[in-house]
Amino acid sequence: MVVSPVLVIKIVDDSSVGVRARWRDDFVEHHIVLNSVLAYWWANELPPGVKFLELLESVIKRTINELTPHKTLKLKYAVKADDVLEKASDMEINLIEVEADDIGFKIDGKTLALKGLRKSSDVEDEKIPFNETFDKVIETPDIVLKKYRQMKDK
């Protein structure tokens, strides 16, 4: 019986997003603390929808790399939002596929729903709903991959 690695993504206590990768008896877990990152993005006038997707990709990459170092991560996910990403306040992310160096991950908690990404004072009347699928290939630089492998071998 082949045991597939598992990626779990979920909202924890309405205040953070947990990302956990598990394979056999090993697991790695990281959290995105929403209040902290939202406060930073608002203070620096950065688009929370766009920045959250960038951060989520990075946290998934790091979490899986710590479990099983890999060169290439393929992420496929769909995003629905109440407005274009730069202005979105509410968004739903549906993970479709996650693969690290041709090793497919089973995905638990495929859908992540976020609300209140924009400050209420930033909300505009006219909204353009957003619905798009992203198919990303994220490479790990060789020097970083070497460090992850050294960490894993200890």
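My aim in this report is to walk through the structure given alongside it, one point at a time. These numbers come from a predicted model, not from an experiment.

Some words on the nonpolar core
Move 1: Counting residues in hydrophobic clusters, the biggest one holds 39 residues, and the most contacted among them are L7, F52, I60 and I93.
Move 2: No other element matches the eight residues that helix α2 (residues 48–67) contributes to this core.
Move 3: Dropping the residues within four chain positions of it, L7 is found in contact with V19, R20, A21, I60, I64, L95, V98, F105, K106, I107 and D108.

Comments concerning the pattern of salt bridges
Move 1: According to the stated counting rule, one finds nine salt bridges in the structure shown.
Move 2: D142 serves as the salt-bridge partner of K71, at 2.8 Å between the closest nitrogen and oxygen. Taken together, the positions of K71 in the loop between α2 and β4 (72–81) and D142 in helix α3 (residues 142–153) put the pair 71 residues apart, joining distant regions of the chain.
Move 3: Across the pair D108 and K106 runs a salt bridge, and its minimum N-O distance is 3.2 Å.
Move 4: Among the residues examined, K106 registers a relative accessible area of 47% and is labelled partly exposed.

Considerations on the sheet that holds strand β3 (residues 26–33)
Move 1: Taken in spatial order, the four strands make up an open sheet running β3-β2-β1-β7, and their pairing is mixed. Since the sheet does not close on itself, it has two edges, and those belong to β3 and β7 (106–108), each with one partner. Geometrically, the sheet is characterised by an average inter-axis angle of 15° between neighbouring strands, direction not taken into account.
Move 2: As paired strands, strand β1 (residues 6–12) and strand β2 (residues 16–23) are joined by seven bridges and run antiparallel to one another. Bridge pairing in β2 links V6 to R22.
Move 3: Contacting β2 and β3, helix α1 (residues 34–43) runs over the sheet at an angle of about 45° to β3.
Move 4: Across the sheet, α2 is in contact with β1, β2 and β3; its angle to β3 comes to roughly 160°.

A short note on the packing of aromatic side chains
How two aromatic rings sit relative to each other is set out by the distance from centre to centre and by the angle between their planes.
Move 1: Overall, the coordinates contain two aromatic pairs when judged by the stated rule.
Move 2: An angle of 25° between the planes, with centres 5.2 Å apart, marks the rings of Y77 and F134 as stacked. A residue pair is termed long-range when its members are at least 10 positions apart, and Y77 in strand β4 and F134 in strand β9 (residues 130–139) qualify at 57 residues. In this pair, the class of Y77 matches that of F134, namely buried.
Move 3: Relative to F134, the ring of F130 has its centre 6.4 Å away and its plane inclined at 25°; by these criteria the two rings are stacked.

A short note on unusual backbone geometry
Move 1: Even without being glycine, R24 reaches a positive phi, approximately 55°.
Move 2: Tracing the backbone shows R24 in the loop between β2 and β3.
Move 3: With a relative accessible area of 59%, R24 lands in the exposed category.
Move 4: The phi torsion at D101 lies on the positive side, around 45°, for a residue other than glycine.
Move 5: Tracing the chain through its elements places D101 in the loop between β5 (91–100) and β6 (103–104).
Move 6: Exposure remark for D101: the relative accessible area of 32% places this residue in the partly exposed category.

About the criteria used
Residues numbered from 1 in each chain as written. Predicted model: local features only at pLDDT ≥ 70, side-chain atom pairs only at ≥ 80, totals over all residues. Heavy atoms only, no water. Core = buried A, V, L, I, M, F, W, Y, C linked by side-chain atoms within 4.5 Å. Buried < 20%, exposed > 50% of the residue type's maximum accessible area, 1.4 Å probe, protein only. Helix = DSSP H or I, 4+ residues; strand = E, 2+ residues; numbered from the N terminus. Contact = heavy atoms within 4.5 Å. Salt bridge = Lys/Arg side-chain N within 4 Å of Asp/Glu carboxyl O. Pairing = 2+ DSSP bridges. Axes fitted to C-alpha atoms, helices over the stretch in contact; angles between N-to-C directions. Phe/Tyr/Trp six-rings, centres within 6.5 Å; stacked < 30°, edge-to-face > 60°.

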